[in-house]
Amino acid sequence: MAFFSLCLMFSLCSAATLTVTPDQSQFFQHDRITLTCVTNSSGWKVMRTIKNKVTEECKRGWGIPTESACNIKDAYPIDTGEYWCESNRGERSNKVNLTISDNSVILESPLHPVVEGENVTLGCSYKKDKDDDTSTSDFEAEFYRNDLFIGKKKPGKMIIEAKEGFYKCLYPTKGESLKSWLAVRARVPPTEMYSSSPPSPPPSPPPSPPSEPGVPWIRVISGSVLFILYNIILILCVYTYRKWARAKTDMKRRIADHVLVN
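Read on for an overview of the structure. (Residues numbered from 1 in each chain as written. Predicted model: local features only at pLDDT ≥ 70, side-chain atom pairs only at ≥ 80, totals over all residues. Heavy atoms only, no water.)

**Re the overall build of the protein chain**
Then, number 1: Summing up its helical and strand segments, the protein chain has 2 helices and 19 strands in all.
Then, number 2: In the protein chain, which comprises 262 residues, the share counted as buried stands at 34%.
Then, number 3: In the protein chain, of all internal contacts separated by at least 6 residues, the share reaching a separation of at least 24 is 55%.
Then, number 4: In the form shown here, the protein chain has an accessible surface area of approximately 17,500 Å², with 57% of it arising from carbon and sulfur atoms. (Helix = DSSP H or I, 4+ residues; strand = E, 2+ residues; numbered from the N terminus. Buried < 20%, exposed > 50% of the residue type's maximum accessible area, 1.4 Å probe, protein only. Contact = heavy atoms within 4.5 Å. Areas by Shrake-Rupley, 256 points an atom, 1.4 Å probe, with all protein chains shown as cover.)

**Focus on the side chain of serine 109**
Then, number 1: Looking at the element boundaries, serine 109 is found in the loop between strand 10 (105–108) and strand 11 (114–115).
Then, number 2: Within the structure, serine 109 has its side chain in polar contact with the side chain of serine 25 (distance 3.5 Å).
Then, number 3: Residues in contact with serine 109, not counting those within four places in the same chain, are Asp23, Gln24, Ser25, Leu122 and Ser180. (Polar contact = N/O pair within 3.5 Å; in protein donor to acceptor, adjacent residues only side chain to side chain.)

**A word on the environment of threonine 19**
Then, number 1: Locating threonine 19 in the fold gives a position in strand 1 (residues 16–21).
Then, number 2: When the C-alpha atoms of threonine 19 and cysteine 85 are compared, they prove to be 9.6 Å apart, with 66 residues separating the residues in sequence.

**Focus on the side chain of aspartate 31**
Then, number 1: Relative to the helices and strands, aspartate 31 is located in the loop between strand 2 (26–28) and strand 3 (33–39).
Then, number 2: Within polar-contact distance, the side chain of aspartate 31 engages the side chain of lysine 127 at 3.2 Å.

**Quick word on the state of the cysteines**
Then, number 1: Considering all chains together, one arrives at 3 disulfides under this definition.
Then, number 2: Each sulfur of the disulfide joining cysteine 58 and cysteine 70 lies 2.0 Å from the other. Torsion about the S-S bond of the cysteine 58 and cysteine 70 cystine: about 70 degrees, corresponding to right-handed handedness. Placement of the pair is cysteine 58 in the loop between strand 5 (56–57) and strand 6 (64–66) and cysteine 70 in strand 7 (residues 69–72), with a sequence separation of 12 residues. Judged on exposure class, the residue cysteine 58 and its partner cysteine 70 are both buried.
Then, number 3: Disulfide pairing places cysteine 124 opposite cysteine 169 at an S-S distance of 2.2 Å. (Disulfide = S-S within 2.5 Å.)

**A look at the sheet that holds strand 10**
Then, number 1: Spatially, the 3 strands line up as an open sheet ordered 10-12-15, and their pairing is antiparallel. In this open sheet, the two edge strands, each paired with only one partner strand, are strand 10 and strand 15 (157–161). Pairs of neighbouring strands in the sheet enclose a mean axial angle of 20 degrees, with direction left out of account.
Then, number 2: Pairing of strand 12 (residues 119–126) with strand 15, which is carried by 5 bridges, proceeds in the antiparallel orientation. Within strand 15, the position partnered with asparagine 119 by the bridge is glutamate 161. (Pairing = 2+ DSSP bridges. Axes fitted to C-alpha atoms, helices over the stretch in contact; angles between N-to-C directions.)

Structure follows, in structure tokens:
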């Protein structure tokens, strides 16, 4: 549930979050797995895509569907695949990859992305028989990242600094686990993280950039000035034309009078 809390805190999640119990990515054959859609609305179902299979929703035969959840009571390697939650409207949650191993050794590692540089606990578990209900980590286990040895611990639990890569563990006399991908996300700067107290209301959004001051009034004034100038020029043109026409008419009248006098 820690991942779900982080989702709410940093708004990284969709409308639903798929959680897996136990919270790990590898499982033994015959293990019990519970997948739950954590959401505030109804109508969500668990979906999956497995190797060489089309997408299918949780159904009897491999799981027991309940309201926004799916219980796998007897997991098999064929159940290895990608799982997620989906609503009736087609919305989807985060996706997780589950690996069901028929080996006698599995790696227990975080299922969801972890913060870069934080401490992460890796576990190495062993089952003597596939039908056993319990497993043990009471042995000296070796751990590898991208096939490079990173250390060994007894019991088989090791704390490391989170680094992205493919991890596996080895029980020297019994075998090794399959590889699991450890996803890492960037660390959030301390100034941006919430304290343990309830988050305070988000700060008011910064004011939007002001528009150019007075732009509409400048356009109105400019238009008015141009209109007035246009009318003044038009009046002057009409006045000049009438003055010229009157002068021309007077000239013609004088010429006509002069002709009559002669």
